[in-house]
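Descriptive structure summary
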Amino acid sequence: MNVGLVEKSGMERNSAACAMQWSIDLEKGLRSKIPGQPSEAILDFGPRLRQWSRERGPTFVAHHMFDLIPGEDRLFANAIFLRLADAFRFGDEKIRVSVAKVFLMEYRSREKRKGYKGLLSKGRVSNSMELLSRVKIVFDNGDVCSRALALVIFGCWADFAKDSANIRYLVLSSMVSPHVLEAKAALFAAGCFCELSDDFPCVVLEMLTNLMTSSETLSPIRLAAARLYAKMGCSYSTATRAYKRGLKLALDSAEEDYQVALLISLSKIACTSTILISDQVLLCMQSDSTVDSLDLDKLSTIAEDVSPSPIRSMSLLAILVLVDISYKFKCRRERGSVLVRPSPVPSQVVSKIFNRISFLVKSLFDPCHTDSVVYQELNNLLNLLLSMVREHPDLDVLVLDQIFVLVRHLSRMNENVMSTAQIDSLVHESSNTDQGKSATIRGKLACKVYSFLVTYLEDLSEAGSITMPVFEKVKLLVEHVCECKLLNSYTHTLFSLLLHSSVIWGNISEESFKLDGNSGILPHNYSIEHELITIEFAKKLMEENKYWPAYKAGMYSACQGAWFTCTFIFQPLIAQVRSDLCGCWIKSLLQFAHSEIQIMLFHLTKQDSSITVRSETIKLPLRYLSDDQDEMDHDALYEPCYSKVLLSAYNSICSSKEVLDASATSGQMFCFQRWFLSLRAKALRAVVDALETLGTILSGGSNWWVGKSFVAEFVLSFKKIAQLSMQLKRLAKEFDLFSASFIDIDSKSSKVISALALSSSLLAFITGFALFIPTLPETLSGLKNSKTNLQAHLIQNLAGRLCHADHEISSKLCQLLDVSEHQRINCCHLQLGSQAFNLACEARDVLSLCSYAVSEVARLRSEADITHNEENTSRVIEDGIQLTLKILEKWTQIPLRTPKYFFQLRSCIGSELFAVSSTKNPDGIYVSRGYQLSLSLCLQLRNVPPDLPVRLAKFYCMLYCSESFQEPRPVQENNEQSKSSRQAWETDDMVEVNARLLHYVTHRVTNNTNGGKSGCGIDDCGFVNAFVCVEPNERWQGFSSCLLDVSRFPAGSYRIKWCSCCIDDQGNYWNLLPFNAGPVFTVE
């Protein structure tokens, strides 16, 4: 592929392909007569050199794709280095400084010094002696500054410069130079040599000892020499000698800066040896005269004394030590160790943390303090508090009490501040600046407390520690915040949402409320009632024209499943947005909320009638509640009007997705959102079809047989139910794939999606109830033939999820399987993305449904086994239908919680595939009939953020083709035309194809198969396929080659389809969304 084809395809060129142009650009810049242009051209090459050095040398495939000659990149690299060396030799001081900066930039970007394989490594520099000689000329004939710059360059070139005796002598002799600049540069170069050489550190160590003990050595040189000790850890013997000598120098010295530098260097040396680490820790602790030995008991006493200190760093460090000691004492107790003194009680540590927080909150209102530093320490303290609670869940009520005291203290403090401000305004007519700042501080602090409470309650939920006392404390805190007039409406709205959270209601049983004399309502009704209060706060927020806080409140409401609040907020926001794209986004959110409201309104019982009355007061739009719903019998779930409600909700979801589809300017926009809405629509559509089919069966009564045969209509209905069951099972797998397709997804969103996958698996299991009846009529022969296989698949799909979330339910479910099928359930497969196994509150309702459904299906199956007659079978089938209807009803009653990632609108991470054939035909890819197709491939990641939370280790790609993929004619595609017109989730075989790729990757990982980067063959479906495995470079590119066996394809043009994935450093599997269509090849 020539340069034109590379640019046309959109494939990013790597450094090797850019080397010639970079060489030309540098040459032009150095020859320029414009003042400052040569220096600017040199500095411009710095980032390029850094990137180039981080990339591995191009493979044969990369040479082929970029049309490079083997060794071409090395030729241009050496030419560039020679130009830079000449510029350093003949240039002025500014040029020389620029050259040194370029090489320093590359040196500092190296991840590791030893084992360095970059562009300036010994094996990749061909003319090293020529480079060294040109820089040495400057050292021999230049001034002090020139000699220092030359020494810096020698240090950056240490990988090949260390082998030159002349250069080693120059470095060693310059270490004793009387000029500070030259001596410090020599010490830098010596440190670079010591990191790579085995013998050089021994010589340097002797010179360092003499240099640092000499009275003639200047203080800056002595300090630089102390830092050089950190570079002496190349071997154990050298490190030990350096540590002992450095330790003696540190103990004998009285200079504080010198001691600190030595202690830091000694700590770095100690990290290279487990033996030296303990000695260094003891040394650091002995630097404090109050500590005689490394003893946890004494450390605890010191930390408790220091923690009230007003000095920020010292107090935070002391609290950190207390938290760590508390954990270590806990480990001691668990091991049965004898404690010398009572350990710091966790409650005391919590109290000290809150005392420090209160002190910081008070300091925020002092204009002499820097807010950013205080907020940073507050975040650290709250994170420490969370870590304490995770280790000691019994601190739940205590922490809530302390939070309440903190909020009350904040309120009273602000009242005092306001009173003072009011007096000042009466006397001096002061401005509102201080009051505005106080309001801002209050808002920030309240948001931090809210975020802490959300995470805190989720941790308690996972530990099963949400109790009535915890609920009462949260309720009291929320009421206090909402009654505080100094806090804004946004804060009131957020805190009121806490009592709507499923974290609270999903962990408290109805029996607990019946025992509570202050509460005479059920949890579900209470959460709906409380949402009306939240809407009243949101109403005030909208009246204040605070649209951005209102949008954030609507976002949090959607994540909690508070759809009435969402509708109330998003409805007026449509008229306020000024961007067409933002308007479409808000409109889509509103239609999404309307869809969920329709389902919720249907299930409101007569006890919830107050919501209709109160909604008139707050103007909540309930026009979607039709007359049919008011008159509906809620027990008759198979009535057409119930399906009508769900169908209307389905249409609203589809409309929401269509709005985003129309507004997306590229396939990457709103990718997560559109796919999520598509999955929700599929689930609702399947439930609607199931209700209609079950309604058809029940409407015919119990007269299902004519003789010993089923009525034909019922046969079709049961077969349709079986098909729906398989669709729902596939939907559960698509949810898994969906969660694994967004690498930067947060854990909370992943848990929500995993809960939705579990619910889809449950629906698949329960709609296939007929498969668990052993006495099905012979008329259903088509269903019975596949009954055993389908039944096993449904159970395995559900049991595989439950074995991580609830082992007891999973065990009961496995009892429905034949003995031969038990071994096929695998709970420990390769993890998909950040797949959440601890679903906690996100799936608590679904887990309850699973337990009920499994028990009831087991009971029905036992009843069917007792007697084998038509009457008993008819009754069991009817009971099974009623059970299915009940499960479907309860499933629709579970409020949908939107993943937090749904509101992350940046472009998602995906991949593009580029391919060329061995013929390098500029018109396309061609292969002669009867031959295999040889392809060179490049897999390129797109939209990778710099703060990616995981490290990607390997890419995998599967290419597949069939004669049915024939294109009508050869198409010359540019970069835009090659973009896939259909989204990945819209293809019919997406789940199945990714399952095959997952199977291939799992086989390689579990069998530790590293040999062979590709494989090809023909699968059971008649597809020709090829698998490749590549390791990404710094540009997120991977190169490989493969063979596709298209020898049997007739003449014509064919589209190659593909999918890809990656494995991170934790062994998690991530699907990569394809951003372009596969290549087209022509058989001649």
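Residues numbered from 1 in each chain as written. Predicted model: local features only at pLDDT ≥ 70, side-chain atom pairs only at ≥ 80, totals over all residues. Heavy atoms only, no water.

Per an unreviewed UniProt entry, the recorded name for the chain is Integrator complex subunit 7, and the organism is Morus notabilis.

**Considerations on the overall build of the chain**
Under the convention used in this document: A run of DSSP states H or I qualifies as a helix once it reaches four residues; a run of E qualifies as a strand once it reaches two. Both are numbered from the N-terminal end. Exposure classes here rest on a 1.4 Å probe applied to the protein chains alone. A residue is buried below 20% of its type maximum, exposed above 50%, and partly exposed in between. We call two residues contacting when some pair of their heavy atoms lies within 4.5 Å. For accessible areas, the Shrake-Rupley method is used with a probe of radius 1.4 Å. Any residue's cover is judged against the shown protein chains and nothing else.
Along the backbone of the chain there are 42 helices and 14 strands. Counting over 1084 residues, the chain shows a buried share of 54%. Sequence-distant contacts in the chain: of pairs separated by 6 or more residues, those separated by 24 or more amount to 76%. A total of about 48100 Å² of accessible surface is found on the chain, and carbon and sulfur atoms cover 53% of it.

**Regarding the environment of Asp 580**
Locating Asp 580 in the fold gives a position in helix H30 (residues 580-602). Counting along the chain gives 83 residues from Asp 580 to Ser 663, while the straight-line C-alpha distance between them is 8.4 Å.

**Quick word on the nonpolar core**
Defined as follows: To qualify as a nonpolar core, a set must consist of buried Ala, Val, Leu, Ile, Met, Phe, Trp, Tyr and Cys residues joined through side-chain atoms within 4.5 Å.
Among the nonpolar cores identified, the biggest contains 225 residues, and Val 399, Leu 453, Tyr 456, Phe 742, Leu 997 and Phe 1081 are the most heavily contacted of them. Broken down by element, this core gets its largest block of residues, 17 residues, from helix H34 (residues 671-699). Setting aside anything within four residues of it in sequence, one finds Leu 997 in contact with Tyr 956, Cys 957, Met 958, Phe 1027, Cys 1059, Ser 1060, Cys 1061 and Tyr 1069. Core analysis: the second largest hydrophobic core is formed by 83 residues, Tyr 107, Val 125, Leu 131 and Met 212 among them.

**Things to note about the packing of aromatic side chains**
Rule in force here: Between rings of Phe, Tyr and Trp, where Trp is taken as its six-membered ring, a pair exists when centres lie within 6.5 Å; planes separated by under 30 degrees are stacked, by over 60 edge-to-face, and by other angles tilted. Put simply, a charge is over a ring when the Lys NZ or the Arg CZ is close to the ring centre, within 6 Å, and near the line of the ring normal, within 35 degrees.
For the structure shown, the criterion picks out 38 aromatic pairs. Ring centres of Phe 66 and Phe 1039 lie 5.8 Å apart, and the angle between their planes is 65 degrees; on these two criteria the pair is classed as edge-to-face. Here Phe 66, found in the loop between helix H4 (60-65) and helix H5 (72-90), pairs with Phe 1039, found in strand E10 (residues 1037-1044); they are 973 residues apart in sequence, far enough to count as distant. The aromatic ring of Tyr 116 is capped on one face by Arg 110, whose charged end is 4.0 Å from the ring centroid.

**Quick look at helix H8 (residues 144-156)**
What counts here: In this scheme, a helix's expected span is set at 1.5 Å multiplied by one less than its residue total.
Relative to the 18 Å expected for 13 residues at 1.5 Å per residue, H8 spans 19 Å between its end C-alpha atoms, a close match to the ideal helical length. Within H8, 11 of the 13 residues are buried, leaving the element largely enclosed by the surrounding structure. Taken residue by residue, H8 has Ser 146, Arg 147, Ala 148, Leu 149, Ala 150, Leu 151, Val 152, Ile 153, Phe 154, Gly 155 and Cys 156 as its buried positions. Tucked into the core, H8 has its buried residues touching H5, helix H6 (93-108), helix H7 (128-141), helix H9 (158-161), helix H10 (165-174) and helix H11 (180-196).

**Some thoughts on empty space enclosed by the protein**
Convention followed: Space inside and on the surface of the protein is sampled on a 1 Å grid over the protein atoms alone, with a cavity defined as a set of points where a 1.4 Å probe fits but cannot get out and a pocket as an open set with protein on both sides within 12 Å along at least 5 of 7 lines; lining residues have an atom within 4 Å of a point. Grid points are joined across faces, edges and corners, and a volume is the space filled by probe spheres set on the points. Residue polarity is assigned by list, with Asp, Glu, Lys and Arg as charged and Ala, Val, Leu, Ile, Met, Phe, Trp, Tyr, Cys and Pro as nonpolar; anything else, Gly included, falls into the polar class.
Per the stated rule, a full pass over the model turns up nine cavities of 30 Å³ or more. Taken as a whole, the second largest cavity spans an internal volume of roughly 150 Å³. Along the wall of the second largest cavity there are 15 residues; nearest its centre are Val 361, Leu 406, Leu 445, Ala 446 and Val 449. Elements supplying a minimum of two residues to the lining of the second largest cavity: helix H19 (346-364), helix H20 (371-391), helix H21 (396-428) and helix H22 (433-462). Here the lining of the second largest cavity is built from residues that sort into 14 nonpolar, no polar and one charged.

**Some thoughts on the sheet that holds strand E4 (residues 925-927)**
Paired through their backbone hydrogen bonds, the strands of a sheet run either parallel or antiparallel. Selection criterion: One requirement defines pairing of two strands: DSSP has to find at least two bridges between them.
Pairing in this open sheet of four strands is mixed, and the strands run E4-E14-E11-E7 from one edge to the other. The outermost strands of the open sheet, each flanked by one partner alone, are E4 and strand E7 (966-967).

**Side note on the environment of Leu 684**
When you line up the elements, Leu 684 lands in helix H34. Residue Leu 684 is classed as buried on the basis of its relative accessible area, which comes to 1%. C-alpha of Leu 684 to C-alpha of Leu 646: the two residues are 38 residues apart in sequence and 6.7 Å apart in space.

**Regarding unusual backbone geometry**
Look at Asn 545: it is not a glycine, yet its phi comes out positive at around 60 degrees. The topology assignment puts Asn 545 in the loop between helix H27 (523-543) and helix H28 (547-560). Notably, Trp 1036 is not glycine yet its phi reads approximately 60 degrees, a positive angle. Mapped onto the secondary structure, Trp 1036 falls in the loop between strand E9 (1024-1030) and E10.

**So, the packing of H10 against H11**
Note the cut-off: Axes here mean lines fitted to C-alpha atoms, for a helix over just the part in contact, with angles spanning 0 to 180 degrees between N-to-C directions. Roughly parallel means an angle under 35 degrees; roughly antiparallel, over 145; roughly perpendicular, 65 to 115; everything else is oblique. In this scheme, a crossing is called left-handed if the near helix is turned counterclockwise away from the far one by less than a right angle; it is called right-handed if the turn is clockwise.
Between H10 and H11, whose axes approach to 8 Å, the crossing angle comes to 130 degrees. Taken together, the axis directions place H10 and H11 in an arrangement best described as oblique. Every pair of crossing elements has a handedness; the one defined by H10 and H11 is left-handed. Taking contact as the criterion, the partners of Ile 167, Arg 168, Val 171 and Ser 174 in H10 are, on H11, Glu 182, Ala 183, Ala 186, Ala 189, Ala 190 and Phe 193.

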